Amino acid sequence: MKFRAKIVDGACLNHFTRISNMIAKLAKTCTLRISPDKLNFILCDKLANGGVSMWCELEQENFFNEFQMEGVSAENNEIYLELTSENLSRALKTAQNARALKIKLTNKHFPCLTVSVELLSMSSSSRIVTHDIPIKVIPRKLWKDLQEPVVPDPDVSIYLPVLKTMKSVVEKMKNISNHLVIEANLDGELNLKIETELVCVTTHFKDLGNPPLDVVFKCIPIILASESTHEDRNVEHMAEVHIDIRKLLQFLAGQQVNPTKALCNIVNNKMVHFDLLHEDVSLQYFIPALS
Amino acid sequence: MAAMLKCVMSGSQVKVFGKAVQALSRISDEFWLDPSKKGLALRCVNSSRSAYGCVLFSPVFFQHYQWSALVKMSENELDTTLHLKCKLGMKSILPIFRCLNSLERNIEKCRIFTRSDKCKVVIQFFYRHGIKRTHNICFQESQPLQVIFDKNVCTNTLMIQPRLLADAIVLFTSSQEEVTLAVTPLNFCLKSSNEESMDLSNAVHSEMFVGSDEFDFFQIGMDTEITFCFKELKGILTFSEATHAPISIYFDFPGKPLALSIDDMLVEANFILATLADEQSRASSPQSLCLSQKRKRSDLIEKKAGKNVTGQALECISKKAAPRRLYPKETLTNISALENCGSPAMKRVDGDVSEVSESSVSNTEEVPGSLCLRKFSCMFFGAVSSDQQEHFNHPFDSLARASDSEEDMNNVCCRKEFNGSDAKYFCII
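Everything numeric here is computed off the predicted structure, so don't read it as measured data. (Residues numbered from 1 in each chain as written. Chains lettered and ligands numbered in written order. Predicted model: local features only at pLDDT ≥ 70, side-chain atom pairs only at ≥ 80, totals over all residues. Heavy atoms only, no water.)

Asks: Provide a residue-level description of the overall build of chain A, including the pertinent values.
Replies: Scanning chain A for helices and strands turns up 6 helices and 18 strands. Relative to the compact-globule value of 19 Å for 291 residues, chain A shows a C-alpha radius of gyration of 21 Å, a close match. Judged by the C-alpha coordinates and their principal axes, chain A covers about 65 × 40 × 30 Å. Per-residue burial over chain A gives 48% buried out of 291 residues. Sequence separation of at least 24 residues holds for 64% of the intrachain contacts in chain A that already meet a minimum separation of 6. Summing over all exposed atoms, chain A offers an accessible surface of approximately 14,300 Å²; the carbon and sulfur share of this is 51%. One way to put it: in chain A the 32 positive side-chain charges average out to a point 12 Å from where the 35 negative ones average out. (Helix = DSSP H or I, 4+ residues; strand = E, 2+ residues; numbered from the N terminus. Rg over C-alpha atoms; globule rule 2.2 N^0.38 Å. Buried < 20%, exposed > 50% of the residue type's maximum accessible area, 1.4 Å probe, protein only. Contact = heavy atoms within 4.5 Å. Areas by Shrake-Rupley, 256 points an atom, 1.4 Å probe, with all protein chains shown as cover. Lys, Arg positive; Asp, Glu negative; His and termini not counted. Charge placed at Lys NZ, Arg CZ, Asp CG, Glu CD.)

Asks: Can you tell me about the interface of chain B and chain A, naming the residues and giving the values?
Replies: The interface of chain B with chain A comprises 19 residues on the first partner and 19 residues on the second. Across the interface of chain B and chain A, roughly 1,600 Å² is buried in total on both sides, 50% from carbon and sulfur atoms. For the interface between chain B and chain A, the tally reads 2 salt bridges. For the salt bridge of Arg127 of chain A with Asp167 of chain B, the shortest nitrogen-to-oxygen distance reads 2.9 Å. Summed over the shared surface of chain B and chain A, the number is 6 residue pairs in polar contact (both at pLDDT 80 or more). Among the secondary structure elements, those contributing two or more residues to the side of chain B that touches chain A are helix H4 (162-169) and strand S16 (205-211) of chain B. The element that contributes the greatest number of residues to the side of chain B that touches chain A is S16 of chain B, accounting for 7 residues. Grouping the constituent residues of the side of chain B that touches chain A by class yields 9 nonpolar, 6 polar and 4 charged. Relative to S16 of chain B, strand S9 (residues 127-134) of chain A runs antiparallel, the two being bridged by 5 bridges. The residue of S16 of chain B that forms the bridge with Thr130 of chain A is Glu207 of chain B. (Buried area = accessible area lost by both parts, 1.4 Å probe. Salt bridge = Lys/Arg side-chain N within 4 Å of Asp/Glu carboxyl O. Polar contact = N/O pair within 3.5 Å; in protein donor to acceptor, adjacent residues only side chain to side chain. Nonpolar A, V, L, I, M, F, W, Y, C, P; charged D, E, K, R; others polar. Pairing = 2+ DSSP bridges.)

Asks: Give a detailed account of the confidence of the model for chain B, specifying residues and quantitative values.
Replies: Residue and element names in this part refer to chain B. When the pLDDT values of chain B are averaged, the result is 69; 62% of them are 70 or greater. Every residue in residues 281-378 scores below 50 in pLDDT, and together they form 247 contacts with partners more than four places removed in sequence or on other chains. Two numbers describe this predicted complex: its pTM, 0.72, and its ipTM, 0.82. (pLDDT = per-residue confidence, 0-100.)

Asks: Residues and numbers for the sheet that holds strand S17 (residues 217-219) of chain B, please.
Replies: Residue and element names in this part refer to chain B. Taken in spatial order, the 9 strands make up an open sheet running S8-S2-S3-S4-S21-S20-S19-S13-S17, and their pairing is antiparallel. Across the chains shown, the open sheet's two edge strands, defined by having one partner strand only, are strand S8 (86-89) and S17. Neighbour-to-neighbour, the strand axes of this sheet turn through a mean angle of 20°, independent of strand direction. Direction of pairing for strand S3 (residues 39-45) relative to strand S4 (residues 51-57): antiparallel, over a ladder of 6 bridges. Following the sheet pairing, Val45 is matched in S4 by Tyr52. Those strands touched by helix H1 (residues 11-25) are S3, S4 and strand S21 (267-273), and its axis lies near 170° from that of S4. Running at roughly 170° to S21, helix H5 (residues 230-240) makes contact with S4, strand S19 (247-251), strand S20 (258-263) and S21 of the sheet. (Axes fitted to C-alpha atoms, helices over the stretch in contact; angles between N-to-C directions.)

Asks: I'd like a description of the pairing of strand S3 (residues 38-43) of chain A, backed by residues and values.
Replies: All names here are of chain A. The buried count for S3 comes to 5 of 6 residues, which makes it a mostly enclosed element. The pairing of strand S2 (residues 29-34) with S3 spans 4 bridges and is antiparallel. When the bridges of S3 are listed, Leu32 appears paired with Phe41. Turn length for the S2-S3 hairpin, with the two strands adjacent in sequence and antiparallel, is 3 residues.

Asks: I'd like to hear about the pairing of S4 of chain B, residue by residue, with values.
Replies: Residues and elements named next belong to chain B. Burial of S4 is extensive: 7 of the 7 residues sit out of reach of the surface. Neither face of S4 is open: one carries Ala51, Gly53, Val55 and Phe57, the other Tyr52, Cys54 and Leu56, and all of them are buried. Here S3 folds back onto S4 in antiparallel fashion, the turn holding 5 residues, of which Arg49 has a positive phi close to 60°. Two strands pair when backbone bridges link them, and S4 and S21 are joined in this way by 7 bridges, in the antiparallel orientation. Note on S21: the bridge partner recorded for Tyr52 is Ile272.

Asks: Go over H4 of chain B, please, and point to the residues and values.
Replies: Of all 8 residues in H4 of chain B, 6 are buried; the element is thus mostly enclosed. When H4 of chain B is considered as a whole, its buried residues turn out to be Pro162, Leu164, Leu165, Ala166, Ala168 and Ile169 of chain B.

Asks: Mind laying out the sheet that holds strand S14 (residues 200-205) of chain A, listing which residues take part and the relevant values?
Replies: Residue and element names in this part refer to chain A. The 4 strands lie next to each other as S14-S13-S12-S15, forming an open sheet whose pairing is antiparallel. Since the sheet does not close on itself, it has two edges, and those belong to S14 and strand S15 (239-244), each with one partner. Pairwise comparison of adjacent strand axes, ignoring direction, gives a mean angle of 20° for this sheet. As paired strands, strand S13 (residues 190-195) and S14 are joined by 6 bridges and run antiparallel to one another. Considered in S14, the bridge of Lys193 is made with Thr202.

Asks: Tell me what's going on with the pattern of salt bridges, and back it up with residues and numbers.
Replies: All chains considered together, the criterion is met by 20 salt bridges over all chains. Between Arg43 of chain B and Asp34 of chain B there is a salt bridge; the shortest N-O distance is 2.8 Å. Classification of Asp34 of chain B by relative accessible area gives buried; the value is 3%. Via salt bridges that share partners, Arg127 of chain A together with Arg163, Asp167 and Glu214 of chain B belong to a single interconnected network.

Asks: I'd like a rundown of the packing of aromatic side chains, residues and numbers included.
Replies: Residues and elements named next belong to chain B. Overall, the coordinates contain 17 aromatic pairs over all chains when judged by the stated rule. Centroid distance Phe97 to Phe125: 5.9 Å. Interplanar angle 75°. Geometry classified as edge-to-face. Placement of the pair is Phe97 in the loop between helix H2 (90-93) and helix H3 (100-106) and Phe125 in strand S10 (residues 120-127), with a sequence separation of 28 residues. A single burial state applies to Phe97 and to Phe125, both of which are buried. (Phe/Tyr/Trp six-rings, centres within 6.5 Å; stacked < 30°, edge-to-face > 60°.)

Asks: Describe helix H6 (residues 245-253) of chain A, naming the residues involved and giving the relevant values.
Replies: Here H6 of chain A has its buried residues at Ile245, Lys247, Leu248, Leu249, Phe251 and Leu252 of chain A. The backbone nitrogen of Arg246 of chain A has a side-chain oxygen 3.0 Å away, supplied by the residue at the start of H6 of chain A, namely Asp244 of chain A.

Asks: Please set out the packing of helix H1 (residues 10-26) of chain A against helix H2 (residues 85-93) of chain A residue by residue, giving values where relevant.
Replies: All names here are of chain A. In contact at an axis separation of 8 Å, H1 and H2 are set at 150° when each is read in the N-to-C sense. When the axes of H1 and H2 are compared, the pair comes out roughly antiparallel. H1 and H2 meet at a crossing whose hand is left-handed. On H2, the residues touching Phe16, Thr17, Ser20, Asn21, Ile23 and Ala24 of H1 are Ser85, Glu86, Leu88, Ser89, Leu92 and Lys93. Broken down by class, the residue content of the contact of H1 with H2 amounts to 5 nonpolar, 5 polar and 2 charged. (Parallel < 35°, antiparallel > 145°, perpendicular 65-115°, else oblique. Left-handed = near helix turned anticlockwise from the far one by under 90°.)

Asks: With reference to specific residues and values, describe the packing of H1 of chain B against H5 of chain B.
Replies: Residues and elements named next belong to chain B. Direction vectors running N to C along H1 and H5 enclose 175°, while the axes themselves pass 8 Å from each other. Between H1 and H5, the angle is such that the two are roughly antiparallel. Along the contact surface, H1 presents Val16, Lys19, Ala20, Gln22 and Ala23, while H5 presents Gly235, Thr238 and Phe239. For the contact of H1 with H5, a count of residues per class yields 4 nonpolar, 3 polar and 1 charged.

Below is the structure:
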């Protein structure tokens, strides 16, 4: 198993650092999947995570000018590593004005992801900073749990409002109740509701717009029959999910920068699926309904 | 006339003073105010006696500086000088010197003076429009400690801009306990020291290599790798933000203390940190102060028991002035605390010419399950006296030389005056 990659472009490095920061806020421990074309940060829906799952994907050629990997075997040309997300983001943070950043898989006493940074300095010699991040190699037999989650057929699909606004609203609501209802309809309306014995608070977002079906389902071919079913439905009918507010807040807190695209798919009483695009990096985040 | 201190500072001087206090607070929860003709020294030592900090403000730093010591005449014409013995708690002082930037801007003058009759230190801030803020803080009567460390004979000396140190420090998390400094004549490396946490699968190991041309001064006598406490390193960085002088680092082999200094004419700061001794550099010579990690407790006790302490492996600072009592109570608490930590026995030989307290101090936080006590090298402390102009010119395998019996003879008379209680010397091994 081998992995070796290098970033020399400052903008790419900053973008990669931001992605890593976001992952660190979303998941304490996550899986890094390395394949010839992509890097994925994965959180699978174990009970330990409260049923939340995450799938983040980036095309390696958008970031690295050198990228070499050799997977577990020829047929399974992939590497799955488990690491503490914060270790990676902290290491990348020290690479602010780097001339070059190298990441490679090493084995120094135990398996590590070594991040090596060549920093610009005043003098002729550069400073070299190295971080050895301990990792765990995930065996082949566990890979099946770490595959891309299937996007379920949503009842409602809607573009999200400005995430910063959503976050400040949810932050205040958290003080009142842990149980939040997120509901939306095909008329561009999204509501966040909390309810206790004493008080009921609802925040209404309007005119958000609903994405067309081909955006929602991406490359999956659309069957015309189902399309007509959608049109028959009352556009004002709300699909809703009851979720743990803290999970939503964690997701929103991870979004430091406003994404290029942000939409939300609701499966009535089952789950809410957030689908974001940060420039060229896609992030999918699934929050299950409270049982 | 009692021993006293009185000084006046401007707003910007208060900022430097406050930074000094903040820097020292990284080492200990208490510090001494120690005025002398050299200036006002703030001194502190940490609870495990493995780090010592001293910031000396020269008399010209202040707008006004006045101090005095009490001189006791005795028949033998051996006057004894009683300096101010003032120890303050950081908890009381830190809140007073908070928001240093706003203090610098808003105060016209700051006055600090002592009232020995009431064991109080008074700190007054004078603002515009006649507003005055006064703090009265009780101090504990306590003899300051001082470390004797000759920087000039260190094999390795570096001088760096604080910026470099700040850049290095961000590499490590605040949970990092120790860092290792590795130097060769050509380069410098600061790295996390994870010796014991090799088993912990979550610790990131970080290193930074810096070329020698980034240093203001780079003189390395021999390839060295020393390990010391990270938290205390941050202390001097705090202080360096107040001055713009470079930081000098003086060190030798592992086990021997490391000194970090800032000297900008008006203020001189010294932080002496113990370093981890490794087995290779363990003493074969009796003069050495380092003990290996693997030395068993029983060995240590046996070695010390029954031997005449003077002139032996443990060396003491010889004193020309009258010996003082140093924290008799505190010594005891230290001993008991250390014994509870499982350190080897403290050996105190009562009534001897030079008493030696020896302690093996384990690292501030022992890694659970670790069998070896990590030991830091020795530092010697002596009572501060008016004749502290002694200059030790020793070959550098020891910090201080053994006390000679002749010198102590001179002090016999004085000792009697103090009920035969002698200065106690602390050694940290």
